[in-house]
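# Architecture and fold: a report
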Amino acid sequence: MSETPGFGAGPPPLLFQQPWPEGEYRFFQLGFIVDDVVAAARRWAETFDVGPFFVQRIHDAPCTYRGEPSAVSMELAVAQAGPVQIELIAQQCDRESVYRELELAGGGAFHQVCTLVDDYGATLDRYRARGLEIACEFTVEGAPPVAYVDTVADFGFFTEVAGRTDAFVAHLTQVAEASRAWDGNDPVREATRDGYRAL
């Protein structure tokens, strides 16, 4: 049997896999709103064998929300699940945000699909030209530019657009490689200078 990259040893899945589309329609991440990132990550690992999750805490990330300057504090956890990354998000402040919008509207835990693009500005302009609002845009120093396009009315979720940077691609690769080598131990982790700390 041949080995298929991203799926480990053995034959490739036959039911649904096909070559990924190229460019901005290659959705690489599914995002979910949760109450407790660590507890939710543990549950994902126990139920679906997805892991390890890497937790990150972000305090007052500056953004423009619905045209007004704002900031959001949040806790995130990410892990690779085959061809997609799973992101769990728990907002840690009471400010209005794209994360709170679906909660207040009674929406489910699913929040966004995310795509990585080479021309961030041109991609946002194309969405605007289609009559879609850029609901939120983050400008965090040292991080890639990120925007949430309001596709909720059409699809029930936001579309996240992230600008491609070498550092961000390296981070995504590290998460994916950790999943490929994961032995089931320490399913929830916080990165440290020397490796990680189990949570």
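Now for a quick tour of the structure. Just so it is clear, the structure is predicted and the values come from calculations on it, not from any experiment. (Residues numbered from 1 in each chain as written. Predicted model: local features only at pLDDT ≥ 70, side-chain atom pairs only at ≥ 80, totals over all residues. Heavy atoms only, no water.)

### Regarding the overall build of the protein chain
Filter applied, for reference: Strands are runs of DSSP state E lasting at least 2 residues, helices are runs of H or I lasting at least 4, and numbering of each runs from the N terminus. The cut-offs for exposure are 20% and 50% of the maximum accessible area for each residue type, with area from a 1.4 Å probe on protein chains only; residues under the lower value are buried, those over the upper are exposed, and the others partly exposed. Each accessible area value is a Shrake-Rupley result obtained with a 1.4 Å probe; residue values ignore everything except the protein chains displayed when judging cover.
A tally of helices and strands in the protein chain yields five helices and 10 strands. The burial tally for the protein chain puts 43% of its 199 residues in the buried class. For the protein chain, the accessible area works out to roughly 11,200 Å², and carbon and sulfur atoms hold 53% of it.

### Observations regarding unusual backbone geometry
Cis geometry is adopted by the peptide bond preceding Pro52, which originates at Gly51 and carries an omega value of -5°. If you trace the backbone, Pro52 turns up in the loop between helix H1 (37–48) and strand E2 (53–65). Of note, the phi angle at Asp49 is positive, near 60°, even though the residue is not glycine. Tracing the backbone through its elements, the reader meets Asp49 in the loop between H1 and E2. For Asp49, a relative accessible area of 61% translates into the label exposed. Its identity as a non-glycine residue notwithstanding, Asp186 has a phi of 50°, on the positive side.

### Looking at the nonpolar core
Here is the rule we go by: Nonpolar cores are built from buried Ala, Val, Leu, Ile, Met, Phe, Trp, Tyr and Cys residues. Side-chain atoms within 4.5 Å join them into one set.
The biggest cluster of nonpolar side chains holds 24 residues, and the ones touching the most others in it are Val72, Met74, Val98, Tyr99, Cys136, Phe138 and Tyr148. Within the second largest apolar cluster, 17 residues are counted, among which are Val37, Val55, Ala77 and Ile86.

### Points about H1
Put simply, the rule is: A helix is expected to span 1.5 Å for every residue after the first. The arc in question is the one spanned by the directions pointing from the helix axis to the C-beta atoms. Note on contacts: a residue pair qualifies if any of its non-hydrogen atoms lie within 4.5 Å across the two residues. Within 3.5 Å is the distance limit for a polar contact, defined as a pair of N or O atoms, with the added protein rule that one can donate a hydrogen and the other accept it, and that residues adjacent in sequence qualify only through two side-chain atoms.
Over its 12 residues, H1 extends 16 Å from the first C-alpha to the last, a length consistent with the 16 Å expected when each residue adds 1.5 Å. Here H1 has its buried residues at Val37, Val38, Ala40, Ala41, Trp44 and Ala45. Buried residues in H1, looked at end-on, bunch into an arc of 165°, giving them a common side. Within H1, the exposed residues directed more than 90 degrees away from the buried face are Arg43 and Glu46. Buried residues along H1 sit in contact with strand E1 (27–33), E2, strand E3 (68–81), strand E4 (84–91) and strand E9 (188–192). For H1, the capping residue at the N-terminal end is Asp36, with a side-chain oxygen 3.1 Å from the backbone nitrogen of Val38. Trailing H1 by a residue or two, Asp49 shows a phi angle of about 60°, which is positive.

### Some words on the environment of Tyr120
Along the chain, the position of Tyr120 falls in helix H3 (residues 120–129). Overall, Tyr120 belongs to the buried group, its relative accessible area being 13%. When the C-alpha positions of Tyr120 and Ala147 are compared, they lie 9.1 Å apart, and in sequence the two are 27 residues distant. Sequence-distant contacts of Tyr120, defined by excluding residues within four places in its chain, comprise Glu137, Pro145, Val146, Ala147, Val161, Ala162 and Gly163. A distance of 3.5 Å separates a polar side-chain atom of Tyr120 from the backbone oxygen of Val146.

### Some remarks on the pairing of strand E6 (residues 134–138)
Note the cut-off: We treat two strands as partners when DSSP finds at least two bridges between them.
Of all the five residues making up E6, four are buried; the element is thus mostly covered by neighbouring parts of the structure. Where E6 and strand E7 (residues 146–149) come together, four bridges link them in antiparallel fashion. Each bridged residue has a counterpart across the sheet, and for Cys136 the counterpart in E7 is Tyr148.

### Details of the pattern of salt bridges
Note the cut-off: The term salt bridge refers to a pairing of a side-chain nitrogen on Lys or Arg with a carboxyl oxygen on Asp or Glu at a separation within 4 Å.
Scanning the entire structure with this criterion turns up 12 salt bridges. A salt bridge links Glu75 to Arg57; the nearest nitrogen and oxygen atoms lie 2.8 Å apart. With a gap of 18 residues between them, Glu75 in strand E3 and Arg57 in strand E2 connect regions that are remote in the sequence. Overall, the relative accessible area of 45% leaves Arg57 in the partly exposed class. Of the charged contacts, one joins Asp125 and Arg128 as a salt bridge, the two residues approaching to 3.0 Å between their closest N and O atoms. In this pair, Asp125 and Arg128 are both assigned in helix H3, three residues apart and thus about one turn of the helix distant. Taking the relative accessible area as the measure of exposure, Arg128 reaches 42% and is therefore partly exposed. Taken together, the salt bridges that share partners define one network made up of Arg57, Glu75, Glu190 and Arg197.

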